[in-house]
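Now for the letters of each chain:
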Amino acid sequence: MDADSDVALDILITNVVCVFRTRCHLNLRKIALEGANVIYKRDVGKVLMKLRKPRITATIWSSGKIICTGATSEEEAKFGARRLARSLQKLGFQVIFTDFKVVNVLAVCNMPFEIRLPEFTKNNRPHASYEPELHPAVCYRIKSLRATLQIFSTGSITVTVLKRKYTLPTPLDSEQGPT
Amino acid sequence: MSAAGGQGRPFLRVFLAPEVTYSRSTGENDQVSRSQQRGLRRVRDLCRVLQLPSTFEDTAVAYYQQAYRHSGIRAARLQKKEVLVGCCVLITCRQHNWPLTMGTVCALLYADLDVFSGTYMQIVKLLGLDVPSLCLADLVKTYCSSFRLFQASPSVPAKYVEDKEKMLSRTLQLVELADETWLVTGRHPLPVITAATFLAWQSLQPSHRLTCSLARFCKLANVDLPYPASSRLQELLSVLLRMAERLAWLQVLKLDKRSVVKHIGDLLQHRHTLVRKAFRDGTAEMEAGEKELRGRCQGPEQGKEEVASSSLDLPEGKRPASPTPLLPPCMLKPPKRICPPPPVSTVTGDENISDSEIEQYLRTPQEIKDFEKAQAARQAARSVSNPP
């Protein structure tokens, strides 16, 4: 591919992760009993609820903190989160939709050429790191954009952008929910 | 102690310092913890087992101590601390271009590769280290030296014994060829090296060794057979066949994947020219194919005319067979179905949500009753099958 060629690259957003709070305690047992498309994980203290439109999966903690994954745009993520909050309202909880934020965006892109990963890594230190024994792709970090790119030899690139710093909950946080 | 003021004597007030505990005064708490001491011993032991120079040992120990200063590592589980030993040694070896694989370290520590990889990435980030990549040539030399085929023994017949230098030289050339033809990038290096070593060994005495399979070869050499090695072997043989099609004196022989092994020496001698030619022809073939496809898509009638005219040029049966182009393996696989671009989304996130949309996510009262009945029945069935 020449440097001057006008090849447009399609970047497709495949996943948007967002979080929000309901500002009320949620009875997980009630959600599991009266909600449809739910999975109750009693051992870790959370409920998974899936929506069809938009296609998102929500992880609900009893503290009222909720993570939504699966949306393909930030607007869709917000719409899905609001729909979920509305569903919880219908179940009888005093839900207030607050603290909504998009934490992570995942996109994929395909280059029209193959990439020799060892040479690429050598020319792009220290941003690029390549461990073929662990993973077949080069991990390229752009600190200023808080982005991590996984570059494969086929030319496929996966981009993950961290929009907000977010700590995943541990089993000990099941009562308190994610921070 | 205080001195009371008296007849004109100055009043001296001495403020007593707070009591200093014994442990603080002797620095008892500054001692290295038992787990850290054990870890440092393990680092030294691992360096000795791998027969590394003493400078490596000091560097690895320094890294371990640096890592241990971080609270996340100090509070980590013992399993992680044990794996940390291997990570420090591996990083030291990499920085000195000493070929050591993660698999070897994990085998010596009886560690899980997933745990090792997580700890390794964490340590590299935490200490801000620049770890160079593993040099393929050095890895080939070290890995090939571990094959027990260089001396006759009860398990290795004389016809299978090979000269180490010859085998090493040929393996290196085959690995370089694999690297040039896109068989190494993005893949684990050991299966490629195993396949290259096997082919090098077979090609040095093909009359006695063509009947030996890859699995048997690894058993004779007393090395593990990595799972993808068979696929790498087939890919390498395909590349060699494509190259053989470009050599005039081999074209007439109609070689296959078995017989091409006898001519590996010739092919490696001319590999640079052959590979360049094969890639150039392969790219030209692909571009011609794409143009033809575009032409057909633009106008079926136009395409038909073109096909008809091309078929008139050469009579059937005398059309030259086009060799499969030499391309990276990912391009030889059938192309993935192109996903249609997603429709332009008009979602803003702030739309009104009607009640009817929400009803589908809530169970009706009847469904709730049925669900409770089903749960109760399941509980009852469980208590019957598992009586207290």
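Along each chain, the written sequence defines residue order, and numbers are assigned to residues from 1. Ligands are numbered from 1 and chains lettered from A, in the order in which they are written. Selection of residues for local features in this predicted model requires a pLDDT of at least 70, selection of side-chain atom pairs for listing and counting requires 80 or more, and totals for whole chains, interfaces and linings are taken over all residues. Excluded from the side-chain calculation are hydrogens and water; included are all heavy atoms of the structure.

### Digging into the UniProt feature "domain: BRF2-like C-terminal" (unreviewed entry) in chain B
UniProt positions are given in the numbering used here, feature names are shortened, and annotations may be inferred rather than shown by experiment. In the UniProt entry, the feature "domain: BRF2-like C-terminal" (unreviewed entry) is given for residues 135–272 of chain B. Counting from the N terminus, the helices are the DSSP runs of H or I reaching at least four residues and the strands are the DSSP runs of E reaching at least two. In this annotation, residues 135–272 of chain B is assigned 60% helix and 0% strand; the end-to-end C-alpha distance for the span is 21 Å.

### Details of the interface of chain B and chain A
Residues are treated as being in contact if the distance between any of their heavy atoms lies within 4.5 Å. Counting from both sides, the interface comprises 43 residues of chain B and, opposite them, 37 residues of chain A. Accessible area that two parts lose when put together, with a 1.4 Å probe and added across both, is what the buried area reports. Of the roughly 3800 Å² buried between chain B and chain A, counting both surfaces, carbon and sulfur atoms make up 54%. Interface area lost by chain B to chain A is led by Trp 182, Ile 353 and Tyr 361 of chain B, which between them contribute 19%. Arg 94 of chain B is paired through a salt bridge with Glu 133 of chain A; the nearest N and O atoms lie 3.8 Å apart. In protein, a polar contact requires one atom able to donate a hydrogen and another able to accept it; more generally it is a pair of N or O atoms within 3.5 Å, and residues adjacent in sequence count only if both atoms are side-chain atoms. Applying the counting criterion to the chain B and chain A interface returns 16 residue pairs in polar contact (both at pLDDT 80 or more). Contributions of two or more residues to the side of chain B that touches chain A are made by helix H6 (102–109), helix H7 (113–127), helix H9 (164–180), helix H18 (329–332), helix H19 (355–359) and helix H20 (365–385) of chain B. One speaks of a salt bridge when a side-chain nitrogen belonging to Lys or Arg is within 4 Å of a carboxyl oxygen belonging to Asp or Glu.

### With respect to the UniProt feature "domain: Transcription factor TFIIB cyclin-like" (unreviewed entry) in chain B
On the UniProt side, "domain: Transcription factor TFIIB cyclin-like" (unreviewed entry) is annotated at positions that read residues 34–123 of chain B here. Annotation note: span residues 34–123 of chain B, helix share 80%, strand share 0%, distance between end C-alpha atoms 21 Å.

### Brief notes about the packing of aromatic side chains
Only Phe, Tyr and Trp rings take part, Trp by its six-membered ring, and two of them pair if their centres are within 6.5 Å. Stacked means planes under 30 degrees apart, edge-to-face means over 60, and tilted covers everything else. The full count for this structure, using the stated rule, is twelve aromatic pairs over all chains. Each ring, one from Phe 20 of chain A and one from Phe 97 of chain A, has its centre 4.9 Å from the other, and the planes form 45°; the classification is tilted. Remark: Phe 97 of chain A occurs in the loop between helix H2 (74–90) and strand S6 (98–110) and Phe 20 of chain A occurs in strand S1 (residues 11–21); sequence separation between them is 77 residues. Working definition: with a 1.4 Å probe on protein chains only, accessible area under 20% of the residue-type maximum means buried, over 50% means exposed, and in between means partly exposed. By relative accessible area, which is 28% here, Phe 97 of chain A ends up partly exposed. Plain terms: the ring middles of Phe 116 of chain B and Tyr 120 of chain B are 6.5 Å apart, the flat faces sit at 10° to each other, and that makes the pair stacked. Placement of the pair is Phe 116 of chain B and Tyr 120 of chain B together in helix H7, with a separation of four residues, close to one helical turn.

### A closer look at unusual backbone geometry
Residue and element names in this part refer to chain A. In this chain, Lys 53 is followed by Pro 54 through a cis amide linkage whose omega measures 0°. Mapped onto the fold, Pro 54 is located in the loop between strand S3 (46–51) and strand S4 (56–61). Going from Arg 125 to Pro 126, the amide bond is cis rather than trans, its omega being -5°. For Pro 126, the location among the structural elements is in the loop between helix H3 (117–123) and strand S7 (128–130). The backbone phi angle of Asp 99 is positive, close to 55°, even though this residue is not glycine. By secondary structure assignment, the location of Asp 99 is in strand S6. Overall, the relative accessible area of 38% leaves Asp 99 in the partly exposed class. Even without glycine at this site, Arg 146 takes up a positive phi of about 55°. Arg 146 gets classed as partly exposed once you look at its relative accessible area, which sits at 40%.

### Description of the pairing of strand S2 (residues 38–41) of chain A
Sheet analysis places S2 of chain A next to S3 of chain A, joined by four bridges and oriented antiparallel. Across the sheet, the residue bridging to Lys 41 of chain A is Lys 46 of chain A, located in S3 of chain A. For two strands to be treated as a pair, DSSP must find at least two bridges joining them.

### Topic: the pairing of strand S8 (residues 138–142) of chain A
A regular strand places its side chains on the two faces of the sheet in alternate fashion. All names here are of chain A. The pairing of S7 with S8 spans three bridges and is classified as antiparallel. Counterpart to Ala 128 in the pairing with S8 is Tyr 140. Relative to strand S9 (residues 147–151), S8 runs antiparallel, the two being bridged by five bridges. Across the sheet, Val 138 pairs through a bridge with Ile 151, a residue of S9. Hairpin connection of S8 to S9: four residues between the antiparallel strands, including Arg 146 at a positive phi of 55°.

### Regarding the packing of H9 of chain B against helix H13 (residues 229–244) of chain B
Between two packed helices, the angle of one axis relative to the other and the distance separating the axes together describe the packing. Residue and element names in this part refer to chain B. Between the N-to-C directions of two axes lies an angle of 0 to 180 degrees, each axis being a line fitted to C-alpha atoms and, for a helix, fitted only over the stretch in contact. Viewed as axis vectors pointing N to C, H9 and H13 meet at an angle of 85°, and their least axial separation amounts to 11 Å. Our classification of the angle between H9 and H13 gives roughly perpendicular. From H9, Leu 174, Leu 177 and Ala 178 reach across to H13, where they touch Leu 236, Val 239, Leu 240 and Met 243. Put simply, Ala, Val, Leu, Ile, Met, Phe, Trp, Tyr, Cys and Pro go in the nonpolar bin, Asp, Glu, Lys and Arg in the charged bin, and everything else, Gly too, in the polar bin. For the contact of H9 with H13, the residue count by class is seven nonpolar, no polar and no charged. Roughly parallel here means an angle under 35 degrees, roughly antiparallel means over 145, roughly perpendicular means 65 to 115, and every remaining angle is called oblique.

### Side note on the pattern of salt bridges
Charged atoms that come close allow side chains of opposite charge to pair. Residue and element names in this part refer to chain B. Tallied over the full model, the rule gives 15 salt bridges over all chains. Of the charged contacts, one joins Arg 209 and Glu 162 as a salt bridge, the two residues approaching to 2.7 Å between their closest N and O atoms. You can see Arg 209 sitting in helix H11 (residues 206–209) and its partner Glu 162 sitting in the loop between helix H8 (136–145) and H9, a full 47 residues away along the chain. Among the residues examined, Arg 209 registers a relative accessible area of 0% and is labelled buried. Note on Glu 162: relative accessible area 8%, which makes it buried. A cluster of three or more residues bridged by salt bridges with shared partners is formed by Arg 44, Asp 45, Arg 48 and Glu 57.

### A few points about the environment of Arg 86 of chain A
Here Arg 86 of chain A shows up in helix H2. In the structure, Arg 86 of chain A is positioned eleven residues away from Phe 97 of chain A in sequence and 8.8 Å away in space, judged by C-alpha atoms. Contact partners of Arg 86 of chain A, with chain neighbours within four places excluded, come to Ile 353, Asp 355 and Ile 358 of chain B.

### Points about the nonpolar core
All names here are of chain B. Buried residues of nine kinds, namely Ala, Val, Leu, Ile, Met, Phe, Trp, Tyr and Cys, make up a nonpolar core once their side-chain atoms join them within 4.5 Å. Leu 149, Leu 174, Leu 199, Phe 217, Leu 240 and Leu 267 are the most contacted members of the largest nonpolar core, which has 53 residues in total. Every element with two or more residues in this core is listed here: H8, H9, helix H10 (189–204), helix H12 (214–221), H13, helix H15 (264–269) and helix H16 (271–298). Residue contacts for Leu 174: discarding those within four places in its chain leaves Ala 196, Leu 199, Ala 200, Leu 236, Leu 240, Ile 264 and Leu 268. Formed by 36 residues, the second largest nonpolar core is a distinct cluster that contains Leu 50, Leu 52, Ala 60 and Leu 90.

### Notes on the sheet that holds S8 of chain A
The pairing of strands in a sheet comes from backbone hydrogen bonds and takes either a parallel or an antiparallel form. All names here are of chain A. Reading across the sheet, the ten strands line up as S2-S3-S4-S5-S1-S6-S10-S9-S8-S7 and stay open at both edges, with antiparallel pairing between neighbours. The outermost strands of the open sheet, each flanked by one partner alone, are S2 and S7. Each neighbouring strand pair of the sheet contributes to a mean axis angle of 15°, computed without reference to strand direction. Here S3 runs beside S4; their pairing, made up of six bridges, is antiparallel. Within S4, the residue paired with Met 49 across the bridge is Ala 58. With respect to the sheet, H2 is in contact with S1, S3, S4, strand S5 (65–71) and S6, its orientation differing from that of S1 by roughly 35°.

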